[in-house]
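# Structure at a glance
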Amino acid sequence: MPTVTHASGSYAIHTEALATAPRRLRDAGLEPGLALVVTDETVGGLYLDVLADALRADGWQPHPVVVPPGEGSKSIATFAGVCDACLAAGPSRQTPLLALGGGVVGDLGGFAAATLLRGLPLAQLPTTVLAQVDSSIGGKTGINTRRGKNLVGAFHAPLFVLADPAVLATLPEREVRSGLAEAVKHALLAGGDLFETMVAAPRWEERLAEIVPMAAAVKAAVVSGDEREAGERAFLNLGHTFGHALEAAAGYGTLTHGEAVAVGMRAALHLSASLAAGRAVEPLPEPWAAMDALVRRLDPPAVPHALTDDALVAAMTSDKKRDASGLRFVVLDGVGVPRLAQGVPEARVRAAWAFARRV
Ligand code: NAD
Ligand code: ZN
């Protein structure tokens with residue numbers, strides 16, 4: 001079972017049924033009592049009863065706090081409402097908060113847990129592919145402000161992550177695909193079994209129960225020992241310097257995050273190959289061609305014609321991950337061999353966009 005290990009402690013990622021959450025809470029040393037459950041309307045409608053029944057059967061008093069689905073709920077206003085609804089239930093510092101949902105609920109509920117009474121014990125119960133392979137692991141929580149995404153937040157490690165593979169069956173196909181983009185990212189970063197399994201599996205959707213825990217284990221390994229993103233954790237931004245720019249330039253909500261990251265990873269692979277060769281190379285040589293073939297299986301969308309290269313480059317330079325010496329890119333010298341590239345000539349970046357535009 002994958003474990004995240006930080007200097008401050010460690011936590012496990014369990015792949016098992018939601019109904020085991022109450023037992024995991026007791027295993028973590030908590031006594032049955034009030035349990036706050038933050039979820040969204042969609043996930044709550046599907047899975048709140050199963051979780052609440054299991055909690056009650058184990059002697060807990062579940063107190064649901066339900067927010068509207070979607071990124072809009074990662075707002076100061078919704079956060080304030082969640083805090084108020086949690087406080088109304090009269091929690092103590094030992095009251096757990098269970099975040100049942102996708103990355104939105106995990107980030108919002110996690111941030112509420114980080115701040116309520118200066119910190120409540122948190123359980124992450126991720127229900128999307130993205131949340132199971134990525135957002136529930138690593139302890140980052142937060143909300144958006146009108147000045148940008150995730151600008152207010154806290155590091156708050158959970159007691160445990162409990163990912164039930166069965167809940168993924170109700171996810172819309174586009175959400176599954178979007179989450180799989182992060183799984184592909186982890187496969188490129190780590191290589192090994194995950195990469196081989198994804199290359200060999202003809203239909204990823206039918207192998208989620210195998211792929212998702214492997215991809216989660218890669219994230220767990222990367223964030224262990226780099227809780228605050230001092231080094232290795234930055235590799236998780238593969239495809240994201242390009243992807244965030246595309247997401248922002250297209251207008252948030254037009255493309256899913258995973259779709260934008262898929263296009264971004266193709267650009268990052270082109271950049272990787274051209275930095276290795278000392279010139280823009282097309283078609284991509286190995287090993288980048290094999291990696292690009294994997295990314296293309298995500299069916300990356302076409303970049304809208306209205307988005308010019310100028311607009312995309314401009315969107316990149318306002319990304320918060322830019323540092324003093326210019327843009328910073330995660331590139332791959334091979335499968336499972338990432339490194340950071342700085343001071344990349346703009347012409348290379350434009351060539352990478354031109355490549356990723358062609359689907
Ligand atoms: P999401 O939470 O909005 O979920 C996507 C949609 O699927 C929602 O409408 C939700 O109601 C629905 N849904 C969730 N589970 C379902 C299920 N089992 N069956 C049917 N429908 C279900 O989006 P997401 O993609 O999971 O997460 C995106 C968020 O994650 C972003 O806000 C992003 O910033 C954040 N994120 C955080 C981290 C981190 O390290 N904290 C990392 C990556 C992303
Ligand atoms: Zn991402």
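Quick notes on the rules
- Residues numbered from 1 in each chain as written.
- Chains lettered and ligands numbered in written order.
- Predicted model: local features only at pLDDT ≥ 70, side-chain atom pairs only at ≥ 80, totals over all residues.
- Heavy atoms only, no water.
- Axes fitted to C-alpha atoms, helices over the stretch in contact; angles between N-to-C directions.
- Helix = DSSP H or I, 4+ residues; strand = E, 2+ residues; numbered from the N terminus.
- Parallel < 35°, antiparallel > 145°, perpendicular 65-115°, else oblique.
- Left-handed = near helix turned anticlockwise from the far one by under 90°.
- Contact = heavy atoms within 4.5 Å.
- Nonpolar A, V, L, I, M, F, W, Y, C, P; charged D, E, K, R; others polar.
- Near = heavy atom within 4 Å.
- Polar contact = N/O pair within 3.5 Å; in protein donor to acceptor, adjacent residues only side chain to side chain.
- Areas by Shrake-Rupley, 256 points an atom, 1.4 Å probe, with all protein chains shown as cover.
- Donors = N, O, S within 2.8 Å, 3.2 Å for Na, K, Ca; no water.
- Pairing = 2+ DSSP bridges.

Right, let's talk about the packing of helix α3 (residues 76-88) against helix α4 (residues 103-115) for a bit. Here α3 crosses α4 at 55 degrees, and the two axes come no closer than 10 Å. The angle between α3 and α4 falls in the class oblique. The handedness of the crossing between α3 and α4 comes out as right-handed. Here T78, F79 and V82 of α3 lie close against α4, whose contacting residues are L108, F111, A112 and T115. Classifying every residue of the contact of α3 with α4 by side-chain character gives five nonpolar, two polar and no charged.

Around ligand 1, a shell composed of 25 residues is seen, among which D40, E71, T127, T128 and T170 lie nearest. Between an oxygen atom of ligand 1 and a main-chain N or O atom of V104, the distance comes to 3.0 Å. Its free accessible area being 870 Å², ligand 1 has 85% of it covered by the protein chains. Elements with a contribution of two residues or more to the shell around ligand 1: α2 (41-57), α4, α5 (129-135) and β8 (148-155). Taken together, the residues of the shell around ligand 1 sort by class into eight nonpolar, eight polar and nine charged.

In this section: the coordination of the zinc ion (ligand 2). In this structure, E182 (OE), H240 (NE2) and H257 (NE2) serve as the protein donors to the zinc ion (ligand 2), at separations of 2.0 to 2.1 Å. Written as a sequence motif, the donor residues of the zinc ion (ligand 2) are E-x57-H-x16-H. Here E182, found in helix α6 (residues 173-190), pairs with H257, found in helix α10 (residues 257-277); they are 75 residues apart in sequence, far enough to count as distant.

One can describe the packing of helix α9 (residues 240-250) onto α10 by two numbers: an axis separation of 7 Å at closest approach and a directional angle of 135 degrees. The orientation of α9 relative to α10 falls into the category oblique. Read as a crossing pair, α9 and α10 show a hand that is right-handed. Residue-level contacts link H240, F242, G243, H244, L246 and E247 of α9 to H257, A260, V261, V263, G264, A267, A268 and L271 of α10. Looking at the contact of α9 with α10 residue by residue, the classes come out as eight nonpolar, five polar and one charged.

A few words now on the sheet that holds strand β4 (residues 61-67). Note: strands within a sheet are paired through backbone hydrogen bonds, in either parallel or antiparallel orientation. Taken in spatial order, the seven strands line up as β1-β2-β9-β6-β5-β3-β4 in an open sheet, and their pairing is mixed. Of all the strands in the sheet, the pair left with one neighbour each is β1 (3-6) and β4. Each neighbouring strand pair of the sheet contributes to a mean axis angle of 15 degrees, computed without reference to strand direction. Pairing between β1 and strand β2 (residues 9-15): four bridges, direction antiparallel. By the bridge assignment for β2, T3 is matched with A12.

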